[in-house]
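# Architecture at a glance
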Amino acid sequence: MLLPMQLQLILVLALPSLYVLWLSFTESSYGATPEFVGWANYAAILSDPSFWRSLVNTLIVVNIVVYVEIILSIGVALLFQSVKRGRALLMAMILAPYAVSEVVAVLAWRFMLEPDIGILTGLFSALGYVPNWATNPIEALVLVSMIGVWLHLPFSFLLIYAALIAIPADLGEAARVDGARPWQRFRLVTLPLLMPAILIAIIFRYIFGFRIFSEVWLLTQGGPARTTEVMAVYLYKNAFRYNEFGMAAATGWLMVLGALLLASFYVYHVYRSGFRNEV
Amino acid sequence: MKSDLRATLLRGLAIGMLGIWSLGPILLIVLSSFRPERDIFSPARRFNLDVTFDNYTQLFAAFPQFLPNMGNSLIVALGATALAVTTSTLAGYVYSRQRGRLLAASAFFAILVRLVPPIVVSLPLFPIADALKLSDTHILLIVLYSAFWVSMLSVMMKVFIDQIPPTLDEAARVDGASTTQTFLRIVLPLATAGMIAGGIFVFVYAWNEYLFAFIFSSTRAVTAPLIVSNIMDSVAGTQWGVLFAAATLQLAPVLALVIFFQKFLVAGLMAGSVKG
């Protein structure tokens, strides 16, 4: 009964990733026979300024996304918990962006920041700042990050909210009786108990943020002049635009190793807390 | 009393800001899709409230493939959902009812392999799909989308099936039911809430997915997000209205689904995340 699920994983994920590992040591392009070249592809991407730019851009985006998202999630979870009436409506409101595709999200934010007609452009201009993500790479990356936060806040919120409602109410009550102020109660009682969930959310979002592609591709395609490429976009262009499957594969394996590194903590935690004894 | 009032006001303000953040971009798209082109384009006419369906008629006239592409999305999303839910429920049943080193290793493998970034998989699959004549087909997208969800769904289903007392299975077995019968007659009916929860995750993902649709489909299997992005490339700057109409149609069904089934979504993520 386990077989169908494992088969999907092996055929669609495991075998292809191993094949990518092999590809990363070959000179190959679409339709040509791969030829073994050792570490040449890794040397090529590591000496390519565009690769380093894409790595730095990825790190910028993923760090903005993860921390803004986690802090907002904690705030929203606390707010949600403090609301007594109309919870279903509030939950629907918070979850709504979860239903939106990256394409539509990019469209909406792009429209709000369109140079002449954007509602946010107007707002910023009134404050004395004229944004233009189309020419300023840093602004484009910040915009990509905001779209990422907007799209994935519901997910992080649910992770943290689940942990929040698992905290026994009498703990906070006891702290209040002892004279702790709200901020102290949050910092000394709630936050430490939320920490494991926050860590898991951070790792989760690091792993998934690291592979960001669509938001960047749909907004700038990595331009102008390759300044807003992230690693997945760099990989895509190498593979499907410059026909350098070997270099793309090497980038791919660096991404896999990065994800494994980020995840090792999480996997270790899961292994210890659950599957060793439970399954 | 005074501080109570202040707290309530602050909370109201926070909820208002949250509402603008969450719903603002969505409302902007939906409402703009019903506005005449000249109003969308002119900040001076921002509060002009004329309603029109022109954008929709223009959309269907200029992009007759839009509705068939929505149909592709529906086929792909339903297919991926059915496949992922079926295999994950089977796996979740095994994870829930049996113990062992091999099973732990299989769960470990499932979590580990889930970490592979989707774009990495696209590299080898591209020539293989071509060779197997699977390029630009629904089945390829169905299998891909499903595979990326079965790990989490299996854990989710395990947690849901854990809540069904094993004594029920045993009683059925004592009465002479086979494993398959026990699964179909006892476990499956009681696991439907979990299956719906898991199904919504896959459906939403498959309906909205862009990367694989972009790489692996060109004409026959083009899904709705892809056609919206194509329209964005071809008309942006001149015909925002048509674009908003397309975006609204792509967005509306799954937004309704998420709002309607929010309870399942919350329960599912909690089962999937809290326990592992």
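The structure under discussion appears in the preceding block.
What comes next is a walk through the structure. Keep in mind that this is a model prediction, so the values were computed, not measured. (Residues numbered from 1 in each chain as written. Chains lettered and ligands numbered in written order. Predicted model: local features only at pLDDT ≥ 70, side-chain atom pairs only at ≥ 80, totals over all residues. Heavy atoms only, no water.)

### Here we look at empty space enclosed by the protein
The full count for this structure, using the stated rule, is four cavities of 30 Å³ or more. Approximately 850 Å³ is the volume attributed to the largest cavity. Counting only elements with at least two residues in the lining of the largest cavity, the list comes to α3 (49-82), α7 (137-165), α9 (182-210) and α10 (214-219) of chain A together with α6 (118-131) and α11 (192-208) of chain B. (1 Å grid on protein atoms, 1.4 Å probe; cavity = no way out; pocket = protein on both sides within 12 Å on 5 of 7 lines; lining within 4 Å. Points joined across faces, edges and corners; volume = space filled by probe spheres on them. Helix = DSSP H or I, 4+ residues; strand = E, 2+ residues; numbered from the N terminus.)

### So, the packing of aromatic side chains
All names here are of chain A. Evaluated as defined, the whole model comprises 44 aromatic pairs over all chains. Look at F25 and W39: their rings are 5.0 Å apart centre to centre, the planes differ by 90°, and that puts the pair in the edge-to-face class. Residue F25 is found in the loop between α1 (3-23) and β1 (26-27), and its partner W39 is found in the loop between β2 (35-36) and α2 (40-46); the two are separated by 14 residues along the sequence. (Phe/Tyr/Trp six-rings, centres within 6.5 Å; stacked < 30°, edge-to-face > 60°.)

### Here's the deal with the interface of chain B and chain A
Contacts between the two partners involve 93 residues from chain B and, on the opposite side, 87 residues from chain A. In total, chain B and chain A occlude about 8300 Å² of area from one another, counting both sides; carbon and sulfur atoms represent 81% of this. Here chain B is connected to chain A by zero salt bridges. Scanning the region where chain B abuts chain A turns up 12 residue pairs in polar contact (both at pLDDT 80 or more). When residues in the side of chain B that touches chain A are grouped by element, the largest group, 13 residues, is from helix α1 (residues 2-32) of chain B. For the side of chain B that touches chain A, the residue count by class is 70 nonpolar, 17 polar and six charged. (Contact = heavy atoms within 4.5 Å. Buried area = accessible area lost by both parts, 1.4 Å probe. Salt bridge = Lys/Arg side-chain N within 4 Å of Asp/Glu carboxyl O. Polar contact = N/O pair within 3.5 Å; in protein donor to acceptor, adjacent residues only side chain to side chain. Nonpolar A, V, L, I, M, F, W, Y, C, P; charged D, E, K, R; others polar.)

### Description of the pattern of salt bridges
Applying the stated criterion across every chain, the model contains six salt bridges over all chains. Between A:E229 and A:R226 there is a salt bridge, with the nearest N and O atoms lying 2.7 Å from each other. For A:E229, a relative accessible area of 0% translates into the label buried. Judged by relative accessible area, which is 24%, A:R226 ranks as partly exposed. Between B:K158 and B:D162 there is a salt bridge, with the nearest N and O atoms lying 2.9 Å from each other. Of the two residues, B:K158 and B:D162 are both situated in helix α8 (residues 150-162); the distance of four residues between them amounts to about one turn of the helix. Classification of B:K158 by relative accessible area gives buried; the value is 5%. (Buried < 20%, exposed > 50% of the residue type's maximum accessible area, 1.4 Å probe, protein only.)

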